[in-house]
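Chains, contacts and geometry: an overview
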Amino acid sequence: KDPFNIQSYMQLIDMYYLIGDFEKAEKPIDFVLSKNINTDVIDKWILYYVKAVLLVEKTQWTEAKKYIKLALKENGDNLEYNRLLAIAEFWSWNKSKWYELLKTIINKFPYDAEILLDWVTMALTLGYVDDAKEFVNLYFEHRNNMWFFAKSKSYYDKKMNDFKKV
């Protein structure tokens, strides 16, 4: 009943996101941001990031980049935000910006398996075969030190082994 209960809005956002209704998931974010509701419970950068994720899901790359940059401005240098920005740059065909962002991210976080997988996949899409091979090799050289967040080590092993054959 409280129109300024940020936790309720976050629950709505999560619920709609999980069922794939990105339009409805965006509405609470837009409402909170437009009303400048006190977000002591949750920082604004989280709203900007979630909005960007929703826009990426809807392939609205330019708009997504705007919200990613707002999140970065509010929360500083964040691995996941930079990764999402690199993906948005890639799909909006700004390949040089994508390439530079991802190289910077990999240099800062060389043991993140998801980032390496993104990079290899996109590099091969662009025909950067030598660069892709370099990062596949990096994965296997440092496999025991890799960070596995989203999926299991066996998932990344399989993907990287498949890429090794290219």
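Whatever comes next refers back to the structure up there.
Per chain, the residues get numbers from 1 upward, laid out in the order the sequence is written. Per-residue local features of the predicted model are confined to residues with pLDDT of at least 70, and side-chain atom pairs are confined, for both listing and counting, to 80 or more; whole-chain, interface and lining totals are unaffected and use all residues. Excluding hydrogens and water, the side-chain figures rest on all heavy atoms present in the structure.

1. Description of helix H3 (residues 44-57)
Using the following cut-off: By the criteria applied, helices consist of DSSP H or I runs no shorter than four residues and strands consist of E runs no shorter than two, each listed in order from the N terminus. For a helix, the expected span equals 1.5 Å multiplied by the number of residues minus one. Only protein chains enter the accessibility calculation, which uses a 1.4 Å probe; a residue whose area is less than 20% of its type maximum is buried, one above 50% is exposed, and one in between is partly exposed.
With 14 residues, H3 extends 20 Å between its outermost C-alpha atoms, agreeing within 8% with the 20 Å of an ideal straight helix rising 1.5 Å per residue. Among the 14 residues of H3, 10 are classified as buried, and the element is accordingly described as predominantly covered. At the exit of H3 stands threonine 59, carrying a positive phi of roughly 55 degrees.

2. Comments concerning the environment of valine 56
Mapped onto the elements, valine 56 comes out in helix H3. Along the sequence, valine 56 and isoleucine 87 sit 31 residues apart, while their C-alpha atoms lie 8.6 Å from each other.

3. Topic: the layout of surface pockets
To find leftover empty space, one rolls a probe the size of a water molecule over the atoms. This is how the line gets drawn: A pocket, in this scheme, is an open set of points on a 1 Å grid over the protein atoms alone with protein on both sides within 12 Å along at least 5 of 7 lines, while a cavity is a set where a 1.4 Å probe fits but cannot get out; residues line either one if an atom lies within 4 Å of a point. Grid points are joined across faces, edges and corners, and a volume is the space filled by probe spheres set on the points. Classification convention: Asp, Glu, Lys, Arg as charged; Ala, Val, Leu, Ile, Met, Phe, Trp, Tyr, Cys, Pro as nonpolar; all other residues, Gly among them, as polar.
Empty space within the largest pocket amounts to approximately 230 Å³. Val56, Glu57, Arg83, Leu84 and Ile87 are, among the 13 residues lining the largest pocket, the residues nearest its centre. Where the lining of the largest pocket is concerned, the elements lending two or more residues are H3, helix H5 (79-91) and helix H7 (113-126). Residue composition of the lining of the largest pocket, by class: 8 nonpolar, 1 polar and 4 charged.

4. Some details on the pattern of salt bridges
As a reminder of what qualifies: Criterion for a salt bridge: a side-chain nitrogen of Lys or Arg within 4 Å of a carboxyl oxygen of Asp or Glu.
Counted under the stated rule, the structure contains 11 salt bridges. The partner of lysine 51 in a salt bridge is aspartate 30, with the nearest N and O atoms 2.6 Å apart. Taken together, the positions of lysine 51 in helix H3 and aspartate 30 in helix H2 (residues 22-35) put the pair 21 residues apart, joining distant regions of the chain. Classification of lysine 51 as buried rests on a relative accessible area of 5%.

5. Brief notes about empty space enclosed by the protein
Scanning the entire structure with this criterion turns up 1 cavity of 30 Å³ or more. Here the largest cavity is characterised by a volume of approximately 40 Å³. What lines the largest cavity is simply Val120, Leu124, Val129, Ala132, Lys133, Val136, Phe163 and Val166. Put simply, the parts of the chain that give the lining of the largest cavity at least two residues each are H7 and helix H8 (129-141). The element contributing the most residues to the lining of the largest cavity is H8, with 4 residues. Of the residues that constitute the lining of the largest cavity, the class distribution is 7 nonpolar, no polar and 1 charged.

6. A short note on unusual backbone geometry
Residues other than glycine seldom take positive phi values, yet threonine 59 does so here, at roughly 55 degrees. Position of threonine 59 relative to the elements: it lies in the loop between H3 and helix H4 (61-75).

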